[in-house]
Amino acid sequence: MLGIVDPWFFAAVALGVVVVSGAIVLVRSDRALREARSSLRRSAAAGAERDRRDAEEQAALDVLRATLGSGVIRLDRGLRILAATDRAHALLDRAPGTLIGRSVMEAFLDPSIEGLASRALRRGSASGEVRLTDADGPAVAVRAARTPGETVWLVLDDVSELRRLQRIRAEFIDNLSHELRTPLTTVSLLAETLQRDADGVGDVLPARMRERIGKIELETGHLVQMVSELLDLSRIESGGTFDMTDDLDVARLVAASAERLRLFAERQGVRLVIDVPDHVPPVRGDGARLGQVVVNLVHNAIKFSPDGGEVTVRVRADGGEVRTTVADHGIGIPRAAQGRVFERFYKVDRARQRPEIGGGTGLGLAIARHVVDGHGGRIWVESTEGQGSAFTFALPAATAAPVDR
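Quick caveat: nothing in here was measured; it's all calculated off a predicted structure.

Caption draft 1: How the structure looks around unusual backbone geometry. A positive phi angle is found at D93, which is not glycine, with a value near 55°. Summarising the element assignment, D93 is placed in the loop between α3 (86-91) and α4 (104-108). Residue D93 is classed as exposed on the basis of its relative accessible area of 66%. Positive phi, close to 65°, is recorded for E150, a residue that is not glycine.

Caption draft 2: Structural view of the sheet that holds strand β4 (residues 81-84). Here 5 strands make up an open sheet; going across it, the order is β4-β3-β7-β6-β5 and the pairing antiparallel. With one partner strand each, in any of the chains shown, β4 and β5 (125-131) form the two edges of the open sheet. Between one strand and the next, the sheet's axes are offset by a mean angle of 20°, whatever the strand orientation. Of the strand pairs in this sheet, β5 and strand β6 (residues 139-146) are connected by 7 bridges, and their pairing is antiparallel. The residue of β6 that forms the bridge with R131 is A139.

Caption draft 3: Representation of helix α5 (residues 111-123) within the structure. Here α5 spans 18 Å end to end across 13 residues, near enough to the 18 Å set by a 1.5 Å rise per residue. Of all the positions in α5, only I113, L116, A117, A120 and L121 are classed as buried. Down the axis of α5, the buried set is contained in an arc of 140°. They therefore lie on one face. Turned more than 90 degrees off the buried face of α5, the exposed positions are P111, R122 and R123. Against the buried residues of α5 lie β3 (71-75), α4, β5, β6 and β7 (152-158). After α5 finishes, the residue G124 shows a positive phi value of roughly 110°.

Caption draft 4: Quick peek at the side chain of H370. Mapped onto the elements, H370 comes out in helix α11 (residues 364-374). Apart from residues no more than four positions distant in its own chain, H370 is found in contact with L233, I236, E237 and F242.

Caption draft 5: Structural context of the confidence of the model for the chain. Model confidence for the chain is summarised by a mean pLDDT of 80, while 82% of its residues fall at 70 or above. Every residue in residues 1-5 scores below 50 in pLDDT, and together they form 1 contact with partners more than four places removed in sequence or on other chains. In the predicted structure, residues 400-405 sits below a pLDDT of 50 and forms 10 contacts with residues beyond four places in sequence or in another chain.

Caption draft 6: Highlighting the nonpolar core. Ranked by internal contacts, the top residues of the largest apolar core, which has 48 residues, are V298, I302, F391 and F393. Broken down by element, this core gets its largest block of residues, 8 residues, from helix α10 (residues 287-303). Of all hydrophobic cores here, the second largest spans 25 residues; its members include I73, L79, V104 and L156.

Caption draft 7: Here's a closer look at α10. The first and last C-alpha atoms of α10 sit 24 Å apart over 17 residues, in line with the 24 Å expected at 1.5 Å per residue. Of all 17 residues that make up α10, 14 are buried, and the element is covered over most of its length. Between the side-chain oxygen at the start of α10 and the backbone nitrogen of A288 there is a gap of 3.1 Å, and the oxygen is on D286.

Caption draft 8: Fine view of empty space enclosed by the protein. Counted according to the given criterion, the structure contains 1 cavity of 30 Å³ or more. Lining the largest cavity we find V250, L253, V254, L290, G291, V294, F393 and L395. Elements that contribute at least two residues to the lining of the largest cavity include exactly α8 (250-259), α10 and β14 (388-396). Residues belonging to the lining of the largest cavity are distributed by class as follows: 7 nonpolar, 1 polar and no charged.

Caption draft 9: Spatial organisation of the pairing of β14. A large share of β14 lies buried, amounting to 9 of its 9 residues. Because side chains alternate across β14, one face comprises the buried residues G388, A390, T392, A394 and P396, and the other comprises S389, F391, F393 and L395, equally buried. Relative to β14, strand β12 (residues 321-328) runs antiparallel, the two being bridged by 7 bridges. Bridge pairing in β14 links T325 to T392. When strand β13 (residues 378-384) meets β14, the two strands line up antiparallel, connected through 7 bridges.

Caption draft 10: Structural context of a nonpolar patch on the surface. A cluster of nonpolar side chains, namely F172, L176 and L180, defines an oily patch on the protein surface of about 270 Å² accessible area. Take L176: it is sitting in helix α6 (residues 160-200).

Caption draft 11: Representation of the sheet that holds β13 within the structure. Reading across from one edge, β9-β11-β12-β14-β13 is the order of the 5 strands in this open sheet, with mixed pairing throughout. Only two strands of the sheet have a single neighbouring strand rather than two, namely β9 (271-275) and β13. Averaged over all pairs of adjacent strands, the angle between strand axes in this sheet comes to 15°, irrespective of strand direction. Sitting on the sheet, α8 is in contact with β9, β11 (310-318) and β12, with an inclination near 170° to β11.

Caption draft 12: Local environment of the environment of D275. Within the secondary structure layout, D275 lies in strand β9. Residue D275 is classed as partly exposed on the basis of its relative accessible area of 28%. Sequence-wise, D275 and V254 are 21 residues apart; in three dimensions their C-alpha atoms are separated by 9.7 Å. Residue contacts for D275: discarding those within four places in its chain leaves V313, R314, V315 and R316. A distance of 2.8 Å separates the side chain of D275 from the side chain of R316, its partner in a polar contact.

Conventions adopted
Residues numbered from 1 in each chain as written. Predicted model: local features only at pLDDT ≥ 70, side-chain atom pairs only at ≥ 80, totals over all residues. Heavy atoms only, no water. Helix = DSSP H or I, 4+ residues; strand = E, 2+ residues; numbered from the N terminus. Buried < 20%, exposed > 50% of the residue type's maximum accessible area, 1.4 Å probe, protein only. Pairing = 2+ DSSP bridges. Axes fitted to C-alpha atoms, helices over the stretch in contact; angles between N-to-C directions. Expected span 1.5 Å × (residues − 1). Arc of directions from axis to C-beta. Contact = heavy atoms within 4.5 Å. pLDDT = per-residue confidence, 0-100. Core = buried A, V, L, I, M, F, W, Y, C linked by side-chain atoms within 4.5 Å. Polar contact = N/O pair within 3.5 Å; in protein donor to acceptor, adjacent residues only side chain to side chain. 1 Å grid on protein atoms, 1.4 Å probe; cavity = no way out; pocket = protein on both sides within 12 Å on 5 of 7 lines; lining within 4 Å. Points joined across faces, edges and corners; volume = space filled by probe spheres on them. Nonpolar A, V, L, I, M, F, W, Y, C, P; charged D, E, K, R; others polar. Patch = residues over 30% accessible without salt bridge, like charges linked within 9 Å, V, L, I, M, F, W, Y side chains within 5 Å. Areas by Shrake-Rupley, 256 points an atom, 1.4 Å probe, with all protein chains shown as cover. Salt bridge = Lys/Arg side-chain N within 4 Å of Asp/Glu carboxyl O.

If you want it as structure tokens, here you go:
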């Protein structure tokens, strides 16, 4: 009969030791020992492989930090700096390692960056630009993104040279436009006078000469328009401000702007339909600039409509926004080109335009985009080839909170 078993018995069995009638017999199992040694070797090899991978990843990160042109900063939920690359320290003119533990405000000395990081923490991402040290200091573009761990990464890029080149370009265009405007205006007036004189003499002038005079007047008008739009775009892109002091009746503004082109539409055999309600929420903005947007969109719609076609201008209030749509039934815009129509000088296809009207400058939609963006709005196009296009811009109503885009 078995009595109480000594606890050491189990330990001995586990070690390959068996107690028999008071004698200790060592039971050696070569197989067990080989398995144990193999397991130890595998564990050691796995540990060495992990250490090697960790070392390689750390070396790769070190190389990335050393060669990355952008500065990178990691923030905790309290917007204090957990880590920062050497490039970030250099951009902020700080000694390496001195940013750790500082708040965003202490690092940048600019409340706008603190607000940007807070927005990224709430919304997931945000971006902005700041001048460091003073108004003439380096310009730094800042992009912020929240991680799943509720930390925020800031990526800093020095855009000082880019801004300098943009300023040079804008000054060049501005000066060139001013220099060209006066002689072109004179040529345009002379061409108009010549055309009027040609019309006054009846059939005295040959038809070919009359046609050439008309061509001179048309092309001179295009040059004058291009110079004016270049000057407009240059001023807007250079940070020209809009007069945002007035609450505007968008329905009335759109109707009045579109009416300016009714005669042009009739001459092209296009029916212009203006569909605006009696009342929409007011919009805070620059009436002259927004009227320019409407004129550009309606002019394009008429220009690309077939003879006998229809252009509809519609205004509607929708969810805290006031939306204006200009729709035509022309040839439409290819899907591949729809993302580029708001770029400077971009033209979809010269074959789309009516030859008697001539080509545009490729600047009207770029100006429209800048004006709408400057009012906190959005502009987009919906188009199907062979069926027409609809350009819509939406502006936040003055009585509503700004719409997140």
